[in-house]
Amino acid sequence: MKKKFGKIMAIAAAVVICLSMAIGLVACGETPAPTIKEVYTSRATLVEIPESPQQLRSNNVTTVTLYSDGSYVLVDLQTSYMGAYGNSQVGSFTSVLYGTYTESTGEEEDTAVIKLAAPTRIVYNQDVTAAGSLHYDTADAASFETEEPDDDAMTAEKLLAKGKELDITVNTVSRKITAGITAGSVLGLFSF
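Residues numbered from 1 in each chain as written. Predicted model: local features only at pLDDT ≥ 70, side-chain atom pairs only at ≥ 80, totals over all residues. Heavy atoms only, no water.

Caption draft 1: Highlighting the overall build of the protein chain. Across its full length, the protein chain holds 2 helices and 9 strands. Starting at the N terminus and ending at the C terminus, the protein chain contains elements arranged as α-β-β-β-β-β-β-β-α-β-β. Relative to its full complement of 192 residues, the protein chain shows a buried share of 41%. The long-range share in the protein chain, meaning contacts at least 24 apart out of those at least 6 apart in sequence, stands at 55%. (Helix = DSSP H or I, 4+ residues; strand = E, 2+ residues; numbered from the N terminus. Buried < 20%, exposed > 50% of the residue type's maximum accessible area, 1.4 Å probe, protein only. Contact = heavy atoms within 4.5 Å.)

Caption draft 2: Broad picture of the pattern of salt bridges. Under the defined criterion, the tally for this structure stands at 5 salt bridges. The partner of E165 in a salt bridge is K115, and the shortest N-O contact between them spans 3.5 Å. Of the two residues, E165 sits in the loop between α2 (156–162) and β8 (166–171) while K115 sits in strand β5 (residues 111–116), which places them 50 residues apart along the sequence. A residue is classified by how much of its surface remains accessible, and K115, at 33% relative accessible area, is partly exposed. For D167, the salt bridge is made with K115, and the minimal N-O distance between the two is 3.0 Å. Residue D167 is located in strand β8, and its partner K115 is located in strand β5; the two are separated by 52 residues in the primary sequence. Looking at D167, the relative accessible area reads 41%, which means it is partly exposed. In the salt-bridge network here, residues are joined through shared partners; they are K115, E165 and D167. (Salt bridge = Lys/Arg side-chain N within 4 Å of Asp/Glu carboxyl O.)

Caption draft 3: View of the environment of V128. Tracing the backbone through its elements, the reader meets V128 in strand β6 (residues 121–128). Between the C-alpha atoms of V128 and V90, which are 38 residues apart in sequence, the distance is 5.7 Å. Not counting residues within four places of it along the chain, the set of residues in contact with V128 comprises V90, G91 and F93.

Caption draft 4: Looking closely at the nonpolar core. One finds V64, L66, L74, I114, L116 and I168 to be the most contacted residues of the largest nonpolar core, which totals 24 residues. Taken together, the elements giving at least two residues each to this core come down to β2 (56–67), β3 (71–82), β4 (88–105), β5, β6, α2 and β8. In this structure, V73, V75, Y98 and V123 belong to the second largest nonpolar core, which totals 6 residues. (Core = buried A, V, L, I, M, F, W, Y, C linked by side-chain atoms within 4.5 Å.)

Caption draft 5: Just the side chain of S42, in detail. Mapped onto the secondary structure, S42 falls in strand β1 (residues 36–49). Its relative accessible area of 16% is what places S42 among the buried residues.

Caption draft 6: A look at the packing of aromatic side chains. For the coordinates displayed, the defined rule picks out 1 aromatic pair. Consider the rings of Y136 and F144, whose centres lie 5.0 Å apart with planes at 10°: the pair is stacked. Here R121 stacks its cationic end above the ring of Y98, 4.9 Å away from the centre of that ring. (Phe/Tyr/Trp six-rings, centres within 6.5 Å; stacked < 30°, edge-to-face > 60°. Lys NZ or Arg CZ within 6 Å of the ring centre and 35° of its normal.)

Caption draft 7: The arrangement of the environment of I36 in detail. Tracing the backbone through its elements, the reader meets I36 in strand β1. Remark: the alpha-carbon pair of I36 and T65, spanning 29 residues in sequence, is separated by 6.9 Å.

Caption draft 8: A look at the side chain of Q126. By the secondary structure assignment, Q126 is in strand β6. Judged by its relative accessible area of 17%, Q126 is buried. Within the local environment of Q126, its side chain forms a polar contact with the side chain of Y124, the two groups lying 2.9 Å apart. Beyond its immediate sequence surroundings of up to four residues, Q126 is in contact with S92, F93, G132, S133 and L134. (Polar contact = N/O pair within 3.5 Å; in protein donor to acceptor, adjacent residues only side chain to side chain.)

Caption draft 9: Molecular detail of the environment of T105. Relative to the elements of secondary structure, T105 occurs in strand β4. In this structure T105 comes out as exposed when scored by relative accessible area, which is 71%. For the pair T105 and T172, spaced 67 residues apart in sequence, the C-alpha to C-alpha distance is 9.8 Å. The contacts of T105, once residues within four sequence positions are left out, are T111, A112 and V113.

Spelled out as structure tokens, the structure:
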């Protein structure tokens, strides 16, 4: 289990590094690229049922990267494994939110409260072994196109409406998110 969790953490770190590099490359114009100010993380085991026939295990990692220009990138990764499938990954749900933030001193020692404004861009990826893949990016209208559009189809507006303002509490020493985000709660996307 620790080996799989380490793999999940490595994937989450790679996503954060790639996003940081992408933001840096985009900002190669006259304005200097924002620098990373802080990175905070939370992780949790959502479900672990080793005695079930499927041996389901689901983990969640959330990382918030704060930048010097007042912007943030929040990456929420949920990964599920099943022993019945040789402990292989059977589902992965990734939400990446972009927006702005403000920061204030927390009530307890070594804490801060980060107010994440409602996101201005959301990228959502879902890869489920039995159901296939989804990719939505509110900055890319083509990612919402379907062969048979209907009233229930996901749109950029519907996805952005799922992104709410969040107040999170962080420990400034351990760099952990201690309150405000619970595993799998960032967008509540499992309702679509």
